[in-house]
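Tertiary structure, described
Okay, here's what each chain looks like letter by letter:
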Amino acid sequence: MTYRGKLRKQCMVVLATFGAVLATAATPAQAAVSETSDAVPGFNGTVLAVAYSGSTIYVGGDFTSAIVKGKSYARSRLAAVNAYTGELLPWAPTADGRVKAIAVSGSSVYVGGDFGYVSGQKRDSLARLDATSGAVSSTFKHAIEGKPYALAAANGRLYVGGTLTKVNGQVRTRLAAFDLSTGVLDAAWKPTADDQVEALATASGRVYVGGKFHKVNSTSGYDRLVALDPASAAIVTGFKPKPAVIVFAIAVTSDSVYTAHGGQGGTAAAYTLTGTKRWSATFDGDAQAITTLGDTVYVGGHFDHACRTARTGDQGVCLDGSDDRIKLAALALDDGHLRDWTANMNGIEGVLTMAASTTVGAFAAGGAFTTVDGVSQKRFAQFS
């Protein structure tokens, strides 16, 4: 970490302590991370996936090079960054098509997307890489029909969601799982969804699934967001939120499920573990990504404004007033009220992926933006 970064963090600790002394119940806590991106590499193409593992952030997308202080370094759709120093790491496997999703388990990095080869070895849209060397696993090799859009590693399994129809010739209807130890396709975990899966998250003995679907396991009433048993794939019937629009992303804490949605405008929502909606926040464009850190929910997407009410008009315009929040916003974890924190970005697509690390005390955002608060920061940023 640079001297400037250390000094900033020391100052933040002092200010946080001082603020805690002065705070009252009527004064809501504010987001604790900086509004300015850390000094991290940029990329020459869209960043579509980010994942933390210890001090490392794994990055995937459409890019072919990373940019450090104006100099380009070859990185073909996969890269790794030191989360503390911002250094571009030598980890550099190559993919011949976009990387859409990343999950890390132990010493393995799993990647999914539109590729056919990884580091010159044939891998049909799904691969396992060594977290240190980037070497492609020779024992994890599968024939995939359809595309993986989301990955999650937990409960001894790699869960995969997307537009899947078959794996190794066996029917899988948009969802599948693999044994993390052996790499084999899980014969028992084979739920079905009647439309594409966009997001996966795991916590508290559940696999949360989000997307465009209306039926799960041929059962109605679990539209767009459902919780499944991690071993049997049975629906957890005690969680039945039924959001009205597509779910693009999911973040889970010990007592809540947070989601990012499209729709007329876009929304972020919080649900209890029984599926009761706790709150929602409305924007004038799709919310594409969501993560939590401390007492704050961070939301990224296509939007330029946070609406003051849920009423929106044509193309999502806020009808009852709004506050500028360009592609990125911070909300209070407990009630969803808009934080003062701003880190405005540019572009049309904005933020497409986010992840947070409590160990590092930071969150990463990737997408198609090229500036943060008017400062050049191409398609990848970290706030700590």
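Residues numbered from 1 in each chain as written. Predicted model: local features only at pLDDT ≥ 70, side-chain atom pairs only at ≥ 80, totals over all residues. Heavy atoms only, no water.

Concerning the pattern of salt bridges
Definition in use: When a carboxyl oxygen of Asp or Glu is within 4 Å of a side-chain nitrogen of Lys or Arg, the pair counts as a salt bridge. A helix here means a DSSP run of H or I that spans at least four residues, while a strand means a run of E at least two residues long, and both kinds are numbered starting from the N terminus. Only protein chains enter the area calculation, which uses a 1.4 Å probe; residues under 20% of their type maximum are buried, those over 50% are exposed, and those in between are partly exposed.
Applying the stated criterion across every chain, the model contains seven salt bridges. A salt bridge links arginine 308 to aspartate 323, with the shortest nitrogen-to-oxygen separation between them at 3.0 Å. Here arginine 308 is found in the loop between strand 29 (305–307) and strand 30 (322–324), whereas its partner aspartate 323 is found in strand 30, with 15 residues between them in sequence. The exposure class of aspartate 323 is partly exposed, given its relative accessible area of 26%. Of the charged contacts in the structure, one is a salt bridge between arginine 311 and aspartate 320, with a shortest N-O distance of 2.9 Å. What makes arginine 311 partly exposed here is its relative accessible area of 49%.

Let's talk about the environment of threonine 292
Test applied: The contact definition used throughout considers only heavy atoms, calling two residues in contact when any of these lie within 4.5 Å.
When you line up the elements, threonine 292 lands in strand 27 (residues 287–293). A relative accessible area of 17% means that threonine 292 is categorised as buried. C-alpha separation for the pair threonine 292 and serine 357, spaced 65 residues apart in sequence, amounts to 9.0 Å. Filtering out sequence-adjacent residues up to four positions away, threonine 292 remains in contact with Ala251, Thr253, Tyr258, Val297, Leu333 and Ala356.

As for unusual backbone geometry
The phi dihedral of arginine 224 is positive, around 70°, even though this residue is not glycine. Structurally, the position occupied by arginine 224 is in the loop between strand 21 (219–220) and strand 22 (225–228). Not every positive phi belongs to a glycine, and arginine 379 is a case in point at roughly 70°. Taking the relative accessible area as the measure of exposure, arginine 379 reaches 17% and is therefore buried.

Some thoughts on the sheet that holds strand 11 (residues 126–130)
What counts is decided by this rule: Strand pairing follows a simple DSSP-based rule, namely that at least 2 bridges must link the two strands. Every axis in this analysis is a line fitted to C-alpha atoms, fitted for helices over the stretch in contact. Angles between the N-to-C directions lie between 0 and 180 degrees.
Strand order across the open sheet formed by three strands is 7-8-11, with antiparallel pairing between neighbours. Looking at strand neighbours, the two that pair on one side only are strand 7 (99–105) and strand 11, the edges of this open sheet. Geometrically, the sheet is characterised by an average inter-axis angle of 25° between neighbouring strands, direction not taken into account. Sheet topology places strand 8 (residues 108–113) next to strand 11; five bridges connect them, and they run antiparallel. Bridging from a neighbouring strand, tyrosine 110 pairs with arginine 128 of strand 11.

Describing the pairing of strand 25 (residues 266–272)
The buried fraction of strand 25 amounts to five of the seven residues, a majority that puts the element mostly inside the structure. Two elements, strand 24 (residues 256–261) and strand 25, share six bridges in a ladder whose sense is antiparallel. The residue bridging tyrosine 258 from the neighbouring strand is alanine 270, located in strand 25. Between the antiparallel neighbours strand 24 and strand 25 lie four residues, among them glycine 263 with a positive phi of about 115°. Here six bridges tie strand 25 to strand 26 (residues 277–283), and the two strands are oriented antiparallel to one another. Bridging across to strand 26, alanine 269 finds its partner in serine 280. The turn linking strand 25 back onto strand 26 is made up of four residues, and glycine 275 within it adopts a positive phi angle of 90°.

Digging into the state of the cysteines
Threshold: Pairs of cysteine sulfur atoms within 2.5 Å are what we label disulfides.
On inspection of all chains with the given rule, the structure shows one disulfide. Disulfide pairing is shown between cysteine 307 and cysteine 318; the S-S distance is 1.9 Å. As the torsion about the S-S bond is roughly -70°, the cysteine 307-cysteine 318 disulfide counts as left-handed. With a gap of eleven residues between them, cysteine 307 in strand 29 and cysteine 318 in the loop between strand 29 and strand 30 connect regions that are remote in the sequence. Residue class for cysteine 318 comes out buried when judged on its relative accessible area of 15%.

A look at the sheet that holds strand 13 (residues 148–154)
Judged by pairing direction, the sheet is antiparallel, and its three strands sit side by side in the order 13-14-17 without closing on themselves. Each of the sheet's edge strands pairs with one partner strand only, and the pair in question is strand 13 and strand 17 (175–179). Neighbour-to-neighbour, the strand axes of the sheet open up by a mean angle of 20°, direction not taken into account. Pairing of strand 14 (residues 157–162) with strand 17 involves five bridges; the strand directions are antiparallel. By the bridge assignment, valine 160 is partnered in strand 17 with alanine 176.

Quick notes on the confidence of the model for the chain
Cut-off, in case you're wondering: The quantity known as pLDDT measures the predictor's confidence residue by residue, on a range of 0 to 100.
Of all residues in the chain, 92% attain a pLDDT of 70 or more, and the chain-wide mean is 93. The weakest mean pLDDT in the chain belongs to helix 1 (residues 3–22) at 37; the strongest belongs to strand 6 (residues 78–82) at 99. Every residue in residues 1–29 is under pLDDT 50, and counting partners more than four places away or in other chains gives 17 contacts.

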